[in-house]
Structure formats: structure tokens, C-alpha cells
Amino acid sequence: MTAAVHPLPLPDPPPLLAKLIETVRPEFQQRLIRIDPDNPVFARGRCAVEGCERGGWSKQLCDSHYNRWRLADRPPLDDYYATTGPIASRGPLERTDAFDLRELPLQLRLEVAYSIQRRHDERRVRLIPVMIHQLVALLAAAQAASLLDRPVDDWVAEALVTGRARTGSRTIGQLRYAYQHLQDLAEGADAESEFARDVWRVAMLGLDTTRPPRTISFAEISQPWLRAAAKRHARFRLASGKALSTVDIEARSIRYFSDFLAEQHPDVADEAGLDRPIIEHYISWMATNALGGYQTNTSLVVVRGFLEACRRHRWLPGLPTETIIYIDEIPRRPRPLPRFVDEFVMGQLEDPDNLARLPDATTRHLVIVIMETGLRAFDACALPFNPVIDDSVGWPCLRYFNHKMAAEQMIPLSAVAAQAIRDQQADLQVRLDVPPPVLFPAENANPDGIRSISYGTLRERLSRWERDIGLHDETGRPVVVTADQFRHILSA
Ligand SMILES: [Zn+2]
């Protein structure tokens, strides 16, 4: 009697390889992924040299013509396109117009192929073959089974040390991109697992990434029960069609509430401990903190709505019934806002993260002074180096010349404005040997800081900044706020 011989069953592929085989489409499973020069997703059209059939990459030239052009000392391109002949073909040129993955073992090959497929599907960054070829050379030399065998920074360091890529190069970009997406594939990342994280990446939620914010963070909300509720609230708001930027501002407002609890009531262990006296304390704490008056108002409005939603949807089932912020408890904005700049827009202008993106300290301090004091932009630009005087009760006041009234005037300073002025003075003392006569000196051709920044320069910088931060209204349309409208963003 002989035992039947059973062929040994093949072992299952490791889970990530199985996922890659399932996810990478047949055209990207090839060892040599050809790029049709007429396919607009990867290719950029054909080489501009008359008679050359290859794909054009840098300067609209194929790699061979590009190298020749470089070696010929970069003559004017139009002449070069017209006068150079085609390259005589020398044998098969397989790596021309293709991503060549032949050096890689199966799993690594599919890992790189997956990054190519993702780029293809996203249609945002164009890959050029040399980026992939450098990446392939790096991986082939490393004898690894998977990119994920090592931390991404190890790979980057090796690419730099071996000279295969430069810091900030597109090859490094593709390496990090491949790594990130592979990790997501390995972890089964989708919108659901993204919502479980404490920092939501907007791209992973399938939402618009063409304008900020690109992440929404709950990580700074230190109480786990509050963080969980804030995330449910945010998810609910997104689902009901609120703009990402609105949800982002709401998450920040709940963060201030979290800061308050951590600092003033660290013993509150869950929502049951949130009694009405704590809420009253919170309202008065907000009124005296260093946020601008506008942000104080926004934060209270947000937390009021958040508590109400938590009660309605039972996200915080132990929340006492008296834990309410009444609408008449929310301090009014210090001055009626002009109707032409709506509060949604102002929230973005006052956001400390956005202010941090102003191009230089002088502009940033100037903007804060205008917003906090309500000075006309023209008057603020012209402030002397020390415009602060202490009045009889010791409260700092700003003395300035009101050009419109042709008179010297004085107004009390908020803590935020006083700090911005002190910071600006300190900056100037570091930069210039002798304190200059003016507080906001012009940057160019002004070595001693004698001239003030001009109103025109300020306007230009503000409008560039507004574009940079993607200033927009509630419907997502870009908006412009002029330098003089900034003074209506007043705080207490
Ligand atoms: Zn060519």
C-alpha cells in the first residue's frame, strides 16, 4: 500500500503581497511599464525635436536630446528644436519612455508599481522615469523584501548618502509618497480608519485638498472623553455639509475648552463633572484670556452648539441637564462688525496659525496692532518706535497721530497689542544697532530703519497672504479683505 503523494500546498503569500496583487492593475504589474508618449496622464507629449518619436520630458526634450542640449551649453530652445536631427536608434531602447522595474523582486516591484498607479489615478504630480529609476536602484541595492522593512527616514538617508537623490528632490518625494501609501494599504486605511485617528488627513477622507486645512487635529484635546465627543461632533458636521474650514475652527474652539479644563479643573474625570459653575467659570475665563475678542466670541458660540449637540445626540450621556451656555451670556463683539466682512472670514484672519504665515515679523506685528487697536492702516504704519505710554492707572495706552483728524490721540491697549509692540521693539533692537525712529520700518533700501513701511507695501503683503492662506467665505469662494478692513476686527 502506498500513501498517496499530495503536492505540498503553496504557502499563502504574506498579507501585504496578497493585497498588492489584488490592488495593482495588470498594466502596472508589468516589469517594464511603458509610457505612451500620447497618453497625457504620464507623458508630456513627444520630444520637440523634428522627427524624434520619443516622449518629451524636461524642456519638452527626450532624455537623449536633453543631454545633448545640456552638453551643447544650453542653446536657445527654439533654435535647438528646429536644427537638431533625430537620434539614430542604437538597438532596443527599452528604458526610454518606460518605468523600468526589472531589477526588483516581486514584492518590491509591486510596491513601486503601486506608487506609480496611485500617481496615475491622482493625476496631480507627473512622474518622470528618472525618479522611478533612482528609486529602483536604491531598493535593488538594499536587498530588502519590502519598503516597510525599514523606517522611511532610513531610506531617505541612504538615498542621500549614496548620491541617488538630493534633499528635497522629486525622487525623495516619490519615496516618501510610496512609503506612506504602502503603509496605508498595509494597515487597511480608509475613511473609517482615518476617522479613528486623532489627526484626520483630509486627503484620506476623500475631501478637497486643494485649499487648507489639510488636516484636522483633535490630538491636543487632552481629555479622552471630550476628544471622542469632539470627533463625533466634527464627523456629524462634515456629514451635514459644513465646510472643512468651519469644522477645523470648531475643533480648535473645543481645544480651548479642553485647555481650560486641564488648567483650571484637572479633576473633572468625565462629562458628569461638567457642572454649571464650571461653565460659568469657563465663560469668565474666556473673557480674560489672551485670545482676541473675536475668537473669544467664536469659541463660546462653538462650545455652546457643541454641548447642545452632545445632549441631543447623547454623545456625552452623563452631561448634567444644567450644563448650558445661554446665548445672552456670550459677550458681544466689541464693536459692530461691518457687514461686508463676515465673521466666518474674520475667524480665518485672526487664527494664530494663519497669522504665523505672514511673511515677516514686522508685517505680523503690524497686522495684530491694526486688528487689536482699530487704528487706520495708514496711521499704524507711521507709528514711532515707542508709541506706548502708561496712563495714570498704569494701563498701557497707545499714542498716535490721527492723520484724518490731524490730531494726536490716545487709546488703551489690549494685552495682545501691547505684547506685539514689545516683540516688534525687541526684534528691531536685535536687527539694528541703534533703535530706529519708527516702529514698523520699511524693509528695502532702509538700512537704518528711518522710513516706515508704506501703506502700499502693507496692502500688497496682505493680499498675497490672503491668497496663501486660501481666505474664503462659507461657500468656499475666495474673498479679499483690504488693509483698512482689518481695523474692524476688534478685540476687547
Ligand atoms: Zn528627442
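Keep in mind that this is a model prediction, so the values were computed, not measured.

*Asks:* Help me understand unusual backbone geometry in this model?
*Replies:* Negative phi values dominate among residues other than glycine, just as trans dominates among peptide bonds. Positive phi is not limited to glycine here, since Gln60 has a value of about 60°. One can find Gln60 in the loop between strand 1 (32-34) and helix 2 (63-71). Of the residues examined, Gln60 has 17 C-beta atoms within 10 Å and is grouped as partly exposed. Here the phi dihedral of Asp73 falls at roughly 65°; this positive angle occurs in a residue that is not glycine. Considering the arrangement of structural elements, one finds Asp73 in the loop between helix 2 and helix 3 (77-83). Asp73 gets classed as exposed once you count the C-beta atoms within 10 Å, which come to 6.

*Asks:* Is there a simple way to explain the packing of helix 4 (residues 106-122) against helix 7 (residues 170-187) in this structure?
*Replies:* Each packed pair of helices is defined by two parameters, the angle between the axes and the distance between the axes. One way to put it is that helix 4 packs onto helix 7 with a least axis distance of 9 Å and a crossing angle of 100°. In terms of orientation, helix 4 lies roughly perpendicular with respect to helix 7. Residues Glu111, Val112, Tyr114, Ser115 and Arg118 of helix 4 pack against Gln174, Tyr177, Ala178, His181, Leu182 and Leu185 of helix 7. Of the residues that constitute the contact of helix 4 with helix 7, the class distribution is 6 nonpolar, 3 polar and 2 charged.

*Asks:* Hey, could you run me through helix 5 (residues 129-142) in this one?
*Replies:* Every α-helix carries 3.6 residues per turn, so stepping three or four residues along brings you back to the same face. Between its first and last C-alpha, helix 5 extends 20 Å over 14 residues, near the 20 Å set by a 1.5 Å rise per residue. Looking only at helix 5, the buried set comprises Met131, Ile132, Gln134, Leu135, Val136 and Leu139. On its buried face, helix 5 sits against strand 2 (98-100), helix 4 and helix 7. Note on helix 5: the residue one or two positions beyond its end, Gln143, has a positive phi of about 55°.

*Asks:* When you look at the pairing of strand 6 (residues 396-402) in this model, what are you seeing that I'm missing?
*Replies:* Consecutive residues of a regular strand have side chains that alternate between opposite faces of the sheet. With 6 bridges joining them, strand 6 and strand 7 (residues 407-412) adopt antiparallel strand pairing. Its bridge partner being in strand 7, Tyr400 is matched across the sheet by Gln409. What sits between the antiparallel neighbours strand 6 and strand 7 is a turn of 4 residues, in which Ala406 has the positive phi angle 50°.

Basis of the calculations
- Residues numbered from 1 in each chain as written.
- Predicted model: local features only at pLDDT ≥ 70, side-chain atom pairs only at ≥ 80, totals over all residues.
- Helix = DSSP H or I, 4+ residues; strand = E, 2+ residues; numbered from the N terminus.
- Buried ≥ 20, exposed ≤ 12 C-beta atoms within 10 Å, placed from the backbone.
- Axes fitted to C-alpha atoms, helices over the stretch in contact; angles between N-to-C directions.
- Parallel < 35°, antiparallel > 145°, perpendicular 65-115°, else oblique.
- Contact = placed C-beta atoms within 7 Å.
- Nonpolar A, V, L, I, M, F, W, Y, C, P; charged D, E, K, R; others polar.
- Expected span 1.5 Å × (residues − 1).
- Pairing = 2+ DSSP bridges.

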